[in-house]
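A look at the structure
These are the residues of each chain, in order.
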Amino acid sequence: MGSVSNQEFPGVCKTEEDEGPSTEEDSQSFHGVGVCKWFNVRMGFGFLSMTNREGVPLDEPVDVFVHQSKLHMEGFRSLKEGEAVEFTFKKSSKGLESQRVTGPGGIHCVGSERRPKGKKVQKRRSKGDRCYNCGGLDHHAKECNLPPQPKKCHFCQSIDHMVANCPIKAQQSSPSSQGKPASLKGDEEEHSHSAPPPETSD
């Protein structure tokens, strides 16, 4: 009785041969005791290390495949590495597969405290991009708490033009004004009263 490698269970999906008629060997069920060797919480499967079969201790542990659907527990089904288990299993064309897995004495499995990582919602670090609604740097429009705002220049806050046509931004980025300090904070009122640029049709 050699151990079963996880390569004999590619994808762990049912194939056509799995769904075919079962042989006598497949229908026979055995009882085993052991521990969880490893379990992938994201993929929902792993291997048990069987140390006792039908009440007889084994010289060497034998690997038995386990799928989360066979675990006796509530909520998110998984196993913790090293967790003690009892199980029924059968022989299949792929090796040994568990049919029902419980904790010692038939109690619920404990399970792993780990959970599969979903899509990570990463906080974007500002790289010059802003909220199109309010102009804030710490979020984007879909995360903005403000109701829809009138469109305005995110550089000088004027509603007369967009940032691409901002005369103040253009003036500050021109070579002649590079030595002059740019003081925008506190000058918003002054900028809003400055002479408006020529009107452009949106």
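Residues numbered from 1 in each chain as written. Predicted model: local features only at pLDDT ≥ 70, side-chain atom pairs only at ≥ 80, totals over all residues. Heavy atoms only, no water.

Looking at the overall build of the chain
Helix and strand counts for the chain stand at three helices and five strands. Going from N to C terminus, the chain has its helices and strands arranged as α-β-β-β-β-β-α-α. Going through the 202 residues of the chain one by one, you find that 29% of them count as buried. Taking all contacts inside the chain whose residues are at least 6 apart in sequence as the whole, residues at least 24 apart take part in 51%. A total accessible area of about 14,600 Å² is found for the chain, and carbon and sulfur atoms account for 50% of it. (Helix = DSSP H or I, 4+ residues; strand = E, 2+ residues; numbered from the N terminus. Buried < 20%, exposed > 50% of the residue type's maximum accessible area, 1.4 Å probe, protein only. Contact = heavy atoms within 4.5 Å. Areas by Shrake-Rupley, 256 points an atom, 1.4 Å probe, with all protein chains shown as cover.)

Here we look at the pairing of strand β5 (residues 95-102)
Of all eight residues that make up β5, six are buried, and the element is covered over most of its length. Pairing of strand β4 (residues 84-92) with β5 involves seven bridges; the strand directions are antiparallel. Residue F87 lies in a different strand from β5, and its bridge partner there is V101. In textbook terms, the turn of a hairpin is the stretch between consecutive antiparallel strands, and for β4 and β5 this stretch comprises two residues. (Pairing = 2+ DSSP bridges.)

Re the nonpolar core
Here is a general trend for soluble globular proteins: nonpolar side chains tend to be buried in one another's company. L48, L71, L79, F87 and V101 are the most contacted members of the largest nonpolar core, which has 18 residues in total. Mapped onto this core, the elements with two or more residues apiece are β1 (29-40), β2 (45-53), β3 (56-67), β4 and β5. (Core = buried A, V, L, I, M, F, W, Y, C linked by side-chain atoms within 4.5 Å.)

What to know about the pattern of salt bridges
Tallied over the entire structure, the rule returns two salt bridges. Between D63 and K37 there is a salt bridge; the shortest N-O distance is 2.9 Å. Note that D63 is positioned in strand β3 and K37 in strand β1, a separation of 26 residues in sequence. Accessibility expressed as a relative area gives 7% for D63, which makes it buried. We note a salt bridge from E113 to K80, for which the minimum N-O separation is 3.6 Å. Here K80 lies in the loop between β3 and β4 and E113 lies in the loop between β5 and α2 (167-173), a separation of 33 residues in the sequence. Assessed through its relative accessible area of 38%, K80 is described here as partly exposed. (Salt bridge = Lys/Arg side-chain N within 4 Å of Asp/Glu carboxyl O.)

Side note on the environment of V163
By the element assignment, V163 lies in the loop between β5 and α2. Counting along the chain gives eleven residues from V163 to K152, while the straight-line C-alpha distance between them is 7.7 Å.

Digging into the confidence of the model for the chain
On average, residues of the chain carry a pLDDT of 75, and 66% of them reach 70 or more. Residue range residues 1-26 is modelled with pLDDT below 50. Its contacts to residues more than four positions away, or to other chains, number 33 contacts. When the criterion is pLDDT under 50, residues 179-194 qualifies, and its contacts beyond four places in sequence or with other chains add up to seven contacts. (pLDDT = per-residue confidence, 0-100.)

Examining the environment of F76
The topology assignment puts F76 in the loop between β3 and β4. On a C-alpha basis, the gap between F76 and G111 in space is 8.2 Å, while along the polypeptide they are 35 residues apart. Residues contacting F76, with those up to four places away along its chain left out, are V41, R114, R115 and P116.

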